[in-house]
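Here's the letter readout for the chains.
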Amino acid sequence: MSNTVNPKNNADSTYNVLNSIVGYQEAVADKAQWEKDGSDLIELKGSVDVTVATLHPKRLTLEVSKVIEETPSTKTIRFISTGAPLPPFQAGQYINLFVDIDGVSTARPYAISSACDEKNYYDLTIKRVTDGFVSNHLLDNVSQGQQFLSTGPMGTFYYNPLFHGEDLVFLAGGSGVAPAITMLKDILSRGSKYSFHMIYCNSYIDDLIFINELRSLAEQYPQFRLTEVVSRPPANFEGFKGHLSADLIRNTLGSIENKLFYVCGPTPFNDYCIGQLKSIGVPNKRIRLEANGAPKNPQQLSDWPTTIDAEEVMVTVTGRGSFKAKIGEPLLNSLERNGYSVENACRSGECSLCRVKVISGNVFNPPEAHLRKSDKTFGWVHSCVAYPTEDIEILF
Amino acid sequence: MNNYDAIVIGAGNGGLTAATTLQRGGCRTLLLEKHNIPGGCATSFVRGNYEFEVALHQLSGLGTEKKPFIMRKIFTDLGVMEKVEFVQEGELYRIVVPGEFDITLPASWKGLKTVLKAEFLAEQDNIDVFLNLCEQISMESFMALPRARKIGSDEVLKSSCPTFIKYGLVSAKDVLDEFFNDKKIKTVLAAYWCYLGLPPSQIAFSDLAVMIYAYAAFKPWHIKGGSQAMSSALLESFLEAGGDVRFNCAADKILTTTNTDHTSEVKAVRTEHGEVLSCKAVISNASSVLTYNELLDTGQPPVSVQQDFKSREIGTSAFVLYLGLDCTPQTLGITSASNFICSTMDEELMHEQMNKLEPPVATMLTCYNFDDPSFAPEGKSQVSLLCLQYGELWNDVPPDKYAETKYALADKLIEQAEQVFPNIRDNIEEVEVATPLTMMRYLNTPGGSIYGFKQNAQDSNLFRDRIDAVEGLYLAGCWNGMGGFQPTYMAGESAARAVIKQLKQKETANV
Ligand SMILES: Cc1cc2nc3c(=O)[nH]c(=O)nc-3n(C[C@H](O)[C@H](O)[C@H](O)COP(=O)(O)OP(=O)(O)OC[C@H]3O[C@@H](n4cnc5c(N)ncnc54)[C@H](O)[C@@H]3O)c2cc1C
Ligand code: FES
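### Some points on the overall build of chain B
Here's step 1: A count of helical and extended segments in chain B gives 17 helices and 19 strands.
Here's step 2: Along the first, second and third principal axes, the C-alpha set of chain B runs to 70 × 60 × 45 Å.
Here's step 3: Evaluated residue by residue, chain B yields a buried proportion of 66% over its 511 residues.
Here's step 4: Counted over contacts in chain B with a minimum sequence separation of 6, partners at least 24 positions apart contribute 73%.
Here's step 5: For chain B, the exposed area adds up to about 18,100 Å²; of that, 50% sits on carbon and sulfur atoms.

### Re the site of ligand 1
All names here are of chain B.
Here's step 1: Taken together, the neighbourhood of ligand 1 is formed by 34 residues, with Gly14, Glu33, Ala55, His57 and Ile450 sitting nearest.
Here's step 2: Within the backbone of Tyr442, a nitrogen or oxygen atom sits 3.5 Å from an oxygen atom of ligand 1.
Here's step 3: Protein chains bury 97% of the 1,000 Å² of accessible surface belonging to ligand 1 in isolation.
Here's step 4: A domain-level breakdown of the shell around ligand 1 finds at least three residues from each of domain 1 (3–82 + 226–312 + 455–510) and domain 3 (316–447).

### What about the side chain of Ser288 of chain B?
Residues and elements named next belong to chain B.
Here's step 1: As for its placement among the helices and strands, Ser288 is situated in helix α11 (residues 288–295).
Here's step 2: Overall, Ser288 belongs to the buried group, its relative accessible area being 2%.
Here's step 3: The residues contacting Ser288, other than those within four sequence positions of it, are Asn293, Phe309, Phe453, Leu475 and Trp479.

### A closer look at the nonpolar core
Residues and elements named next belong to chain B.
Here's step 1: Formed by 90 residues in total, the largest nonpolar core has its most connected members in Leu116, Phe130, Tyr192, Phe205 and Ile212.
Here's step 2: Examining the composition of this core, we find that eleven residues originate from one element, helix α9 (residues 205–218), more than from any other.
Here's step 3: Residue contacts for Leu116: discarding those within four places in its chain leaves Leu105, Ile127, Leu131, Ile185, Val188 and Leu189.
Here's step 4: Core analysis: the second largest hydrophobic core is formed by 46 residues, Val8, Ala19, Val84 and Ala496 among them.

### What about the domain arrangement of chain A?
Put simply, an interface is often sized by how much accessible area is lost when its parts join up.
All names here are of chain A.
Here's step 1: What the domain assignment lists for chain A is domain 1 (60–150), domain 2 (167–289) and domain 3 (298–395).
Here's step 2: Computed from C-alpha coordinates alone, the two centres of domain 1 and domain 3 are separated by 27 Å.
Here's step 3: The partner domain 3 presents seven residues to the nine residues of domain 1 that form the contact.
Here's step 4: Across the domain 1/domain 3 interface, buried area totals approximately 610 Å², and carbon plus sulfur atoms make up 46% of it.
Here's step 5: Considering only the surface of domain 1 that becomes buried against domain 3, Tyr94, Asn96 and Val104 emerge as the three largest contributors, covering 46% of it.
Here's step 6: If you look at where domain 1 meets domain 3, you find zero salt bridges.

### Examining the packing of aromatic side chains
Working definition: an aromatic ring pair is given by the centre-to-centre distance plus the angle between the planes.
Here's step 1: Following the criterion strictly, the structure yields 43 aromatic pairs over all chains and no others.
Here's step 2: One aromatic cluster is present, built from ring pairs that chain together Phe157, Phe170, Phe196, Phe224 and Tyr262 of chain A.
Here's step 3: The ring of Phe218 of chain B has Lys67 of chain B lying over it, and the distance from NZ or CZ to the ring centre is 5.1 Å.
Here's step 4: It is Arg72 of chain B that lies over the ring of Trp221 of chain B; its NZ or CZ is 5.5 Å from the centre.

### Considerations on the sheet that holds strand β9 (residues 224–230) of chain A
Residue and element names in this part refer to chain A.
Here's step 1: Within the open sheet, the six strands sit side by side as β10-β9-β8-β7-β11-β12. Their pairing is parallel. At either end of the open sheet lies a strand with only one pairing partner, and these are β10 (240–241) and β12 (287–289).
Here's step 2: Sheet topology places strand β7 (residues 167–173) next to strand β11 (residues 260–264); five bridges connect them, and they run parallel. Within β11, the residue paired with Leu171 across the bridge is Val263.

### Quick notes on the confidence of the model for chain A
Here's step 1: Averaged over chain A, the pLDDT score is 93; the fraction of residues at 70 or greater is 96%.
Here's step 2: Within the model, pLDDT remains below 50 along residues 1–14 of chain A, and this stretch shows eight contacts once partners closer than five positions in the same chain are excluded.

### A word on the side chain of Ser338 of chain B
Residues and elements named next belong to chain B.
Here's step 1: Counting through the fold element by element, Ser338 comes out in strand β14 (residues 338–342).
Here's step 2: You can call Ser338 buried: its relative accessible area is 2%.
Here's step 3: Engagement of the side chain of Ser338 in a polar contact is seen with the side chain of Gln58, the distance being 3.1 Å.
Here's step 4: A polar atom in the side chain of Ser338 sits 3.1 Å from the side chain of Glu89.
Here's step 5: Filtering out sequence-adjacent residues up to four positions away, Ser338 remains in contact with His57, Gln58, Glu89, Leu92, Tyr93, Arg94 and Leu365.

### Some thoughts on the pairing of strand β12 (residues 276–284) of chain B
When a strand is regular, its side chains alternate between the sheet's two faces.
All names here are of chain B.
Here's step 1: Sheet topology places strand β1 (residues 3–9) next to β12; six bridges connect them, and they run parallel. Residue pairing across strands places Ile7 opposite Val282, the latter belonging to β12.
Here's step 2: Looking at chain direction, strand β11 (residues 264–271) and β12 are connected through three bridges and run antiparallel. Considered in β12, the bridge of Val269 is made with Leu277.
Here's step 3: Hairpin connection, β11 to β12: the antiparallel pair is bridged by four residues, and Gly274 has positive phi, about 90 degrees.

### Comments concerning the environment of Gln93 of chain A
All names here are of chain A.
Here's step 1: Within the element layout of this structure, Gln93 appears in the loop between β2 (74–81) and β3 (94–101).
Here's step 2: The exposure class of Gln93 is buried, given its relative accessible area of 9%.
Here's step 3: Distance from Gln93 to Val363, taken between C-alpha atoms, is 29 Å for residues 270 residues apart in sequence.
Here's step 4: Looking at Gln93, its side chain comes within polar contact range of the main-chain oxygen of Gly155, at 2.9 Å.

### Let's talk about the environment of Ser160 of chain B
Residue and element names in this part refer to chain B.
Here's step 1: Secondary-structure assignment places Ser160 in helix α5 (residues 154–160).
Here's step 2: Between the alpha carbons of Ser160 and Thr405 there is a distance of 53 Å; along the sequence they are 245 residues apart.
Here's step 3: Those residues in contact with Ser160 that sit more than four places away from it in its chain are Glu140 and Ala144.

### Observations regarding the domain arrangement of chain B
Residues and elements named next belong to chain B.
Here's step 1: Looking at the assigned domains, one finds that chain B contains domain 1 (3–82 + 226–312 + 455–510), domain 2 (108–218) and domain 3 (316–447).
Here's step 2: Put simply, the middle of domain 1 and the middle of domain 2, counted by C-alpha atoms, are 30 Å apart.
Here's step 3: Of the residues lining the interface, 14 residues belong to domain 1; the matching set on domain 2 comes to 16 residues.
Here's step 4: Buried area between domain 1 and domain 2, both sides added, is near 1,400 Å², and the carbon and sulfur share of it is 61%.
Here's step 5: When residues of domain 1 are sorted by the area they lose upon contact with domain 2, Gln58, Gln455 and Leu462 head the list and together hold 37% of the total.

### Considerations on the packing of helix α3 (residues 47–55) of chain A against helix α16 (residues 436–443) of chain B
Here's step 1: Between α3 of chain A and α16 of chain B, the shortest axis-to-axis distance is 10 Å and the interhelical angle comes to 110 degrees. Put simply, α3 of chain A runs roughly perpendicular to α16 of chain B. Considering the relative orientation of α3 of chain A and α16 of chain B, their crossing is left-handed. Between α3 of chain A and α16 of chain B, the contacting residues are Val48, Thr51, Val52 and Leu55 of chain A on the first element and Leu437, Met440 and Arg441 of chain B on the second.
Here's step 2: When its residues are assigned to classes, the contact of α3 of chain A with α16 of chain B shows five nonpolar, one polar and one charged.

### Considering the interface of chain B and chain A
Here's step 1: In this assembly, 81 residues from chain B lie in contact with 58 residues from chain A.
Here's step 2: Taken together, the two surfaces of chain B and chain A that pack against each other cover about 6,200 Å², and 60% of this comes from carbon and sulfur.
Here's step 3: Three residues stand out in chain B for area buried against chain A, namely Lys310, Tyr407 and Phe463 of chain B, and they jointly supply 11% of the buried area on that side.
Here's step 4: Counting across the interface, chain B meets chain A through three salt bridges.
Here's step 5: Applying the counting criterion to the chain B and chain A interface returns 21 residue pairs in polar contact (both at pLDDT 80 or more).
Here's step 6: Classifying every residue of the side of chain B that touches chain A by side-chain character gives 37 nonpolar, 20 polar and 24 charged.

Criteria and thresholds
Residues numbered from 1 in each chain as written. Chains lettered and ligands numbered in written order. Predicted model: local features only at pLDDT ≥ 70, side-chain atom pairs only at ≥ 80, totals over all residues. Heavy atoms only, no water. Helix = DSSP H or I, 4+ residues; strand = E, 2+ residues; numbered from the N terminus. Buried < 20%, exposed > 50% of the residue type's maximum accessible area, 1.4 Å probe, protein only. Contact = heavy atoms within 4.5 Å. Areas by Shrake-Rupley, 256 points an atom, 1.4 Å probe, with all protein chains shown as cover. Near = heavy atom within 4 Å. Polar contact = N/O pair within 3.5 Å; in protein donor to acceptor, adjacent residues only side chain to side chain. Domains from an automatic or database assignment. Core = buried A, V, L, I, M, F, W, Y, C linked by side-chain atoms within 4.5 Å. Buried area = accessible area lost by both parts, 1.4 Å probe. Salt bridge = Lys/Arg side-chain N within 4 Å of Asp/Glu carboxyl O. Phe/Tyr/Trp six-rings, centres within 6.5 Å; stacked < 30°, edge-to-face > 60°. Lys NZ or Arg CZ within 6 Å of the ring centre and 35° of its normal. Pairing = 2+ DSSP bridges. pLDDT = per-residue confidence, 0-100. Axes fitted to C-alpha atoms, helices over the stretch in contact; angles between N-to-C directions. Parallel < 35°, antiparallel > 145°, perpendicular 65-115°, else oblique. Left-handed = near helix turned anticlockwise from the far one by under 90°. Nonpolar A, V, L, I, M, F, W, Y, C, P; charged D, E, K, R; others polar.

What follows is the structure, given as structure tokens:
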């Protein structure tokens, strides 16, 4: 470096001032040496993006490689990646699949039902739901070769070795078997000291997804027990008839001590299971519940404001426009239907990706909305589970 | 609107205070954030009934209402003082080396002296001298040193900063060795090296001294609702002043023009969505490495930047467990919000271990609801368990071994903490593990660094000029100064003041 003082460079003159500080000159000399030997860090270029994308890509580019009929009401859609290798996931996690239906861009999260060690594809197992906008579209219109975008694997419903222990019980209702089977395979691969008990509940035997595979795994592995519960079975059905109950859980499991309970199924099933588990003394910390979308009928929730009689409200997006939305519909859905895109993944109030700020007007936040304390102070809501109850203005 | 006075890239602490200062100072400002929420490190997340603080362990620089310090003024100027509530911690920290000692230092300058003297009878006189030294150096660093530098007078420096001249740049280790014989008291007093990320032999004594003095005299603080509450309050203040913000919108390029004298000047920012937004100045809160090596459109970064980078190294990241525990702090045996648990008194060893994917020998445990129950659901506890770790280590972990590696290490951290606080595991209701790669994902920093470059003596502004190779481009955050909350809040504010000044000058020149 030249010794001429750069007039812009004030620090240069102070360098001399600082020279009298013990150690200053030595430190300057060290620094000068590093400047000779060191790297300009150009080798790091792009490294952060690459590293992050291998574990947590923002989007996956997927192609349907196969569609498997599971039951009359259920299909498994197999997706391969047309881009980078599929990222690893923890058994129980989901991806959020983006779709365009009749000009509406939306998305739905589905649990990955293929095994974690299956590196070449993800399976999503989809069951028909009454009035299901996306599920029914996928069941009716998807075929091999179609292309999709999705998020990377997400979600907090998975086996956590830090505290879940070795004695696991999974209460699966209907399509809740999708994460359950992935978790089961993961646990079986961990060895025989684990035990996994699946209580699998359905209305009809026609609905039993993966049942042959589950039965044969149960025969093969002593550490896996399968209890089938069907509420409307035919006469010759060998499993439990009727509904899951606290008694049934207690009788099939014996002690609840040290057990960890996973619950995944339709919302009424989940609510019911939690109630039954609590009634037999299972503490909160031993129950893991999978998120299950926005409440279908928020008007029936106890906190819903009673004063509302309007059917529609006006939603204004600051600086961008406004539209009418139905009372009782999640804000995210009406935004999407009106052409606004908001990042989202869980669509159940948990991940917070869909946050928007309410500038004016009121919004109903059900218990599903896992808001931060400061969100409440400053008006941020999770649009996937936020229900406008009057005209609102939002910012995002 | 596509035309701004200033664009701020990144809504971490530095970006938020920069944007708010700019907008309140009359500059039309756009704040771009890659993620969906403001804060960078200063954030929180929700699991079940818990809201977890991500990064703030102890806020410094606030002072009490009676004895306010600089952050109170800055927060007031930023319009957020009324929007957040602070909680004072009663203790600096408890430090335990099982089998050796277990000492709790109170958050009071007088109390600190008393406790240390009672614990280390043989070192009583040295304690007085040492703590006076810390106080002196702090005073000189806050006022006299900047003044002497501004004036540029050697005489002024000598007369007003005698302690700093003698000890300021000596390593913390050398100073502790000079004053104390007992290894234990040295370990107790050096504990805050963790907040800098380098062991006492590699940090300037002034940096340690200022921390000890400032935390004891001006208290350590938490923020109700977590540091997220401050981040959201800053954003609110920015929006109230008329600022524009875009989330899920990373800056992809900083576009420049080349002037006739071959210097370049900022003219716009292109977003990840391809939109070009013009501006007169850019303050980047993203890492300087990203800013100059990737965002800047000049191809090669300016020579002065290359030169600067050559004398730097990427600083430490962290491995953290966020624990929601189904029991009270009392049940766990917690007697202080901040705790250091070490299985050795050798800080060099602790630092070496940060370079290995092995069980750490030093961990930090923070219990947020110890001083204020509102930080956790009733009857429960919000605890973070952290060890510092270099991010580079994780490059070699294959993706399909990532989860396994992370849980194996997390398990060891719990084991270490359980030496002092048994029954952690049995009470886990929620747990989330963050590795250096998690930090990398959310901060976009090389190595997932949380404090910027390694914070040795040469990292400080005594050895660095502001890089002004590109006109209108400023940095604000932990990459051009100290890391940590107070320094980065302040860095954003001062970068914004510099921009406001520059824009005013330009305006006058153009009239
Ligand atoms: C676990 C942990 C514990 C810590 N403990 C402490 C402590 O106890 N005390 C303490 O003082 N400090 C602590 N720190 C450090 C402190 O939090 C940080 O040093 C400080 O917050 C850094 O602030 P920053 O302004 O540099 O920005 P950062 O927090 O690094 O934020 C940068 C922001 O820029 C965004 N960004 C990056 N690239 C782009 C782009 N291209 N376009 C748009 N946006 C972009 C990022 O998304 C991020 O939001 C801790 C940090 C962590 C993670
Ligand atoms: S999409 Fe996850 S909270 Fe709304």
